[in-house]
Amino acid sequence: MIPSSRYNTRMTHTHTVRLTTKGEGDIRDLTPEVARAAEASGIQNGIAAVFVVGSTAAVTTIEFEPGLVEDLGRTLEQLAPRDAHHAHEARWHDDNGHSHIRASIIGPTVCVPVANGSLALGTWQQVVLCEFDTRPRERTVIVQVVGD
Amino acid sequence: MIPSSRYNTRMTHTHTVRLTTKGEGDIRDLTPEVARAAEASGIQNGIAAVFVVGSTAAVTTIEFEPGLVEDLGRTLEQLAPRDAHHAHEARWHDDNGHSHIRASIIGPTVCVPVANGSLALGTWQQVVLCEFDTRPRERTVIVQVVGD
Amino acid sequence: MIPSSRYNTRMTHTHTVRLTTKGEGDIRDLTPEVARAAEASGIQNGIAAVFVVGSTAAVTTIEFEPGLVEDLGRTLEQLAPRDAHHAHEARWHDDNGHSHIRASIIGPTVCVPVANGSLALGTWQQVVLCEFDTRPRERTVIVQVVGD
């Protein structure tokens with residue numbers, strides 16, 4: 001006999017997070033939402049792939065506390081200064097060339113393990129959305145939980 | 001009764017992209033190939049993991065337009081200048097130490113969500129291969145689509 | 001008749017790697033462990049998601065040789081200098097603000113394709129753990145192999 005729980009079980013669960021950011025330098029803790037997605041999926045072992053839609057924001061992990069939010073912002077300002085000349089801005093008459101560059105270097109996605117039904121994050125490690133655009137934005141973050 | 005579509009369905013589909021780049025600074029839009037891989041898989045919900053084989057190229061997302069290609073190149077030249085001294089070059093008598101460093105910082109992979117059979121990318125967000133090596137290279141990009 | 005191999009097969013296999021690093025600048029080749037995880041899973045096609053638990057270390061790919069280990073360390077020292085003022089350190093009275101920043105920029109995870117039972121890495125491309133903390137640390141790396 002074939003257990004019904006097996007062939008009725010999907011292995012991907014999609015969770016969509018919508019939030020409004022305050023613009024450049026706003027870093028938002030996504031961990032509670034990602035944990036909720038993992039729990040709601042019923043998946044015990046797998047991955048939670050977290051992805052931000054759009055090209056001026058990024059997803060990474062950090063110890064989420066105000067000091068590091070400030071330190072990361074300063075480092076990225078030195079790496080890709082807001083006031084540098086950007087060919088993107090000359091071409092499109094906007095002001096967010098540095099936002100795009102920072103987003104592409106950090107990247108739009110992380111994959112967090114789900115093990116025994118929980119996210120395998122460190123105590124001081126949070127999944128965060130980094131807003132790099134120069135104005136407040138409505139953001140969509142998709143969490144795909146894949147596994148058994 | 002057990003639906004035959006269930007137990008015959010694989011949940012991973014592999015799609016291989018081969019392309020020849022022009023060398024350092026060549027950024028190539030992979031989005032049409034990744035979308036084709038997602039469509040061909042028949043998977044409705046899951047992830048498309050895009051990975052470049054090799055250690056002098058990277059994969060990320062960007063608004064793919066010539067201004068940002070130029071801006072990203074300039075930022076990476078400041079971060080890891082081509083003409084800096086590289087222990088890698090002293091050791092192996094080549095000229096691409098900076099290419100390796102840029103590739104390791106950006107990273108070889110992104111995971112794009114597949115939702116309702118389509119890639120969940122922003123309108124101005126493309127999946128790109130970044131060639132950092134100093135000469136044209138034949139590149140292999142693997143797209144693994146995993147899901148239901 | 002339904003093949004028993006189908007409904008008995010899990011599609012996620014979890015492999016945990018524990019190692020002790022030497023502190024800042026220690027880069028460790030994880031490739032043999034990731035390959036072992038892929039092989040032990042029995043999965044022929046899928047992804048191996050490699051994730052480091054903690055916020056002062058990162059995972060990426062690199063040609064793992066001493067020259068590039070030195071070059072990457074120098075580049076990251078210029079990007080996020082150890083001796084810069086860090087709001088994190090002023091707040092928490094520690095010395096690893098730069099370690100957190102480097103870790104968040106590189107990121108905690110890569111997804112390596114598994115194709116025909118093997119990792120699809122380049123010959124000169126290894127999966128590595130980058131220790132950025134200022135002291136030796138016991139690290140946990142989780143490898144989730146997901147696929148068929």
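Reading guide: rules and limits
Residues numbered from 1 in each chain as written. Chains lettered and ligands numbered in written order. Predicted model: local features only at pLDDT ≥ 70, side-chain atom pairs only at ≥ 80, totals over all residues. Helix = DSSP H or I, 4+ residues; strand = E, 2+ residues; numbered from the N terminus. Buried ≥ 20, exposed ≤ 12 C-beta atoms within 10 Å, placed from the backbone. Contact = placed C-beta atoms within 7 Å. Expected span 1.5 Å × (residues − 1). Least-squares fit on C-alpha atoms with pLDDT ≥ 70 in both. Nonpolar A, V, L, I, M, F, W, Y, C, P; charged D, E, K, R; others polar. Pairing = 2+ DSSP bridges. Axes fitted to C-alpha atoms, helices over the stretch in contact; angles between N-to-C directions. pLDDT = per-residue confidence, 0-100. Core = buried A, V, L, I, M, F, W, Y, C linked by C-beta atoms within 7 Å. Parallel < 35°, antiparallel > 145°, perpendicular 65-115°, else oblique. Left-handed = near helix turned anticlockwise from the far one by under 90°.

(A) Region of the structure containing the overall build of chain A. Per the secondary structure count, chain A includes five helices and eight strands. Taken over the C-alpha atoms alone, chain A extends approximately 70 × 35 × 20 Å along its principal axes. For chain A, the proportion of its 148 residues judged to be buried stands at 53%. Counting only contacts in chain A whose residues sit at least 6 apart along the sequence, the fraction spanning at least 24 positions is 82%.

(B) Here's a closer look at helix α3 (residues 66-79) of chain C. Given a rise of 1.5 Å per residue, 14 residues ought to cover 20 Å, and the 20 Å separating the end C-alpha atoms of α3 of chain C matches this to within 8%. Each element contacted by the buried residues of α3 of chain C is listed here: α3 (66-79), α4 (87-92) and α5 (97-106) of chain B together with β4 (57-62) and α5 (97-106) of chain C.

(C) Seen up close, the relation of the copies chain A and chain B. For the match of chain A to chain B, the screw axis carries a shift of 0.0 Å, the RMSD comes to 0.0 Å, and the turn is 120 degrees. The two molecules are tied by a three-fold rotation axis, judged by turn and shift.

(D) Structural detail: the interface of chain C and chain B. In this assembly, 34 residues from chain C lie in contact with 31 residues from chain B. Within the residue set of the side of chain C that touches chain B, elements represented by two or more residues are α1 (4-8), β3 (46-52), β4, α3, α5, β5 (109-115) and β8 (138-147) of chain C. Sorting elements by how many residues they give to the side of chain C that touches chain B places α3 of chain C first, with seven residues. Classifying every residue of the side of chain C that touches chain B gives 19 nonpolar, ten polar and five charged.

(E) Representation of the sheet that holds strand β7 (residues 126-131) of chain B within the structure. Residue and element names in this part refer to chain B. Spatial ordering of the open sheet is given by β2-β7-β4, a layout of three strands whose pairing is antiparallel. Each edge of the sheet is formed by a strand with only one pairing partner; in this case those strands are β2 (27-29) and β4 (57-62). Averaged over all pairs of adjacent strands, the angle between strand axes in this sheet comes to 30 degrees, irrespective of strand direction.

(F) The interface of chain A and chain B, seen in detail. At the junction of the two partners, chain A supplies 31 residues and chain B supplies 34 residues. When the residues that make up the side of chain A that touches chain B are grouped by side-chain class, the tally is 17 nonpolar, twelve polar and two charged.

(G) Seen up close, the sheet that holds strand β5 (residues 109-115) of chain B. Residue and element names in this part refer to chain B. Pairing is antiparallel across the open sheet formed by five strands, whose spatial order is β1-β8-β3-β5-β6. Of all the strands in the sheet, just β1 (12-20) and β6 (118-119) have a single pairing partner and so form its edges. As defined by bridge partners, β1 adjoins strand β8 (residues 138-147) across nine bridges and the pair is classed as antiparallel. Each residue of the ladder has a partner; that of Arg 18, found in β8, is Thr 140.

(H) Representation of the environment of Phe 64 of chain B in the model. Residues and elements named next belong to chain B. Relative to the helices and strands, Phe 64 resides in the loop between β4 and α3. Judged by the 18 C-beta atoms lying within 10 Å of it, Phe 64 is partly exposed. In sequence terms Phe 64 and Ala 80 are 16 residues apart; their C-alpha atoms lie 22 Å from each other. Excluding anything up to four places from it in sequence, Phe 64 contacts Asp 29, Gln 126 and Val 128.

(I) Main features of α5 of chain B. Residue and element names in this part refer to chain B. Among the ten residues of α5, ten are classified as buried, and the element is accordingly described as predominantly covered. Residues of α5 that are buried include every one of Gly 97, His 98, Ser 99, His 100, Ile 101, Arg 102, Ala 103, Ser 104, Ile 105 and Ile 106, and no others. Phi turns positive, to about 100 degrees, at Gly 107, one or two residues after α5.

(J) Looking closely at the environment of Thr 21 of chain B. Residue and element names in this part refer to chain B. The topology assignment puts Thr 21 in the loop between β1 and β2. What makes Thr 21 buried here is the crowd of 20 C-beta atoms within 10 Å. Once the C-alpha coordinates of Thr 21 and Gln 144 are considered, the two residues, 123 residues apart in sequence, prove to be 22 Å apart.

(K) Seen up close, the environment of Glu 65 of chain C. Relative to the assigned elements, Glu 65 of chain C resides in the loop between β4 and α3. Each C-alpha atom of the pair Glu 65 of chain C and Ala 103 of chain C lies 20 Å from the other, and the pair is 38 residues apart in sequence.

(L) Inspection of the confidence of the model for chain A at higher detail. Residue and element names in this part refer to chain A. Counting all residues, the mean pLDDT for chain A is 94, and 94% of those residues have values of 70 or more. Note on residues 1-8: pLDDT under 50 across the span, and nine contacts to partners over four residues away in sequence or across chains. Here the prediction assigns the complex a pTM of 0.95, and the interface score ipTM is 0.94.

(M) Representation of the nonpolar core in the model. Counting 121 residues, the largest nonpolar core has Ala 48 and Val 50 of chain A, Ala 48 and Val 50 of chain B together with Ala 48 and Val 50 of chain C as its most contacted members. Not counting the four nearest positions on each side in its chain, Val 50 of chain C is found in contact with Leu 30, Val 34, Val 59, Thr 109, Val 110, Val 112, Val 127, Val 141 and Val 143 of chain C.

(N) Summary view of unusual backbone geometry. Of note, His 93 of chain A is a non-glycine position whose phi angle comes to about 55 degrees, a positive value. Relative to the elements of secondary structure, His 93 of chain A occurs in the loop between α4 (87-92) and α5 (97-106). For His 93 of chain A, a count of 7 C-beta atoms within 10 Å translates into the label exposed. With phi around 55 degrees, Asn 116 of chain B is a residue other than glycine that occupies positive phi space.

(O) Local environment of the packing of helix α3 (residues 66-79) of chain A against α5 of chain C. Axis separation between α3 of chain A and α5 of chain C bottoms out at 10 Å; the angle between their running directions is 65 degrees. Judged by the angle between their axes, α3 of chain A and α5 of chain C are roughly perpendicular. Between α3 of chain A and α5 of chain C lies a crossing of right-handed hand. Residues Leu 68, Asp 71, Leu 72 and Thr 75 of chain A of α3 of chain A lie in contact with α5 of chain C, whose contacting residues are Gly 97, His 100, Ile 101 and Ser 104 of chain C. A class-by-class count of the residues in the contact of α3 of chain A with α5 of chain C yields three nonpolar, four polar and one charged.

(P) Up close: the pairing of strand β7 (residues 126-131) of chain A. Residues and elements named next belong to chain A. Taking burial as the measure, the six residues of β7 include six buried ones, the bulk of the element. Along β7, one buried face is formed by Gln 126, Val 128 and Cys 130 and the opposite face, lined by Val 127, Leu 129 and Glu 131, is buried too. Pairing between strand β2 (residues 27-29) and β7: three bridges, direction antiparallel. Counterpart to Asp 29 in the pairing with β7 is Val 128. Bridge count between strand β4 (residues 57-62) and β7: six bridges; the pairing is antiparallel. Note on β7: the bridge partner recorded for Ala 57 is Glu 131.

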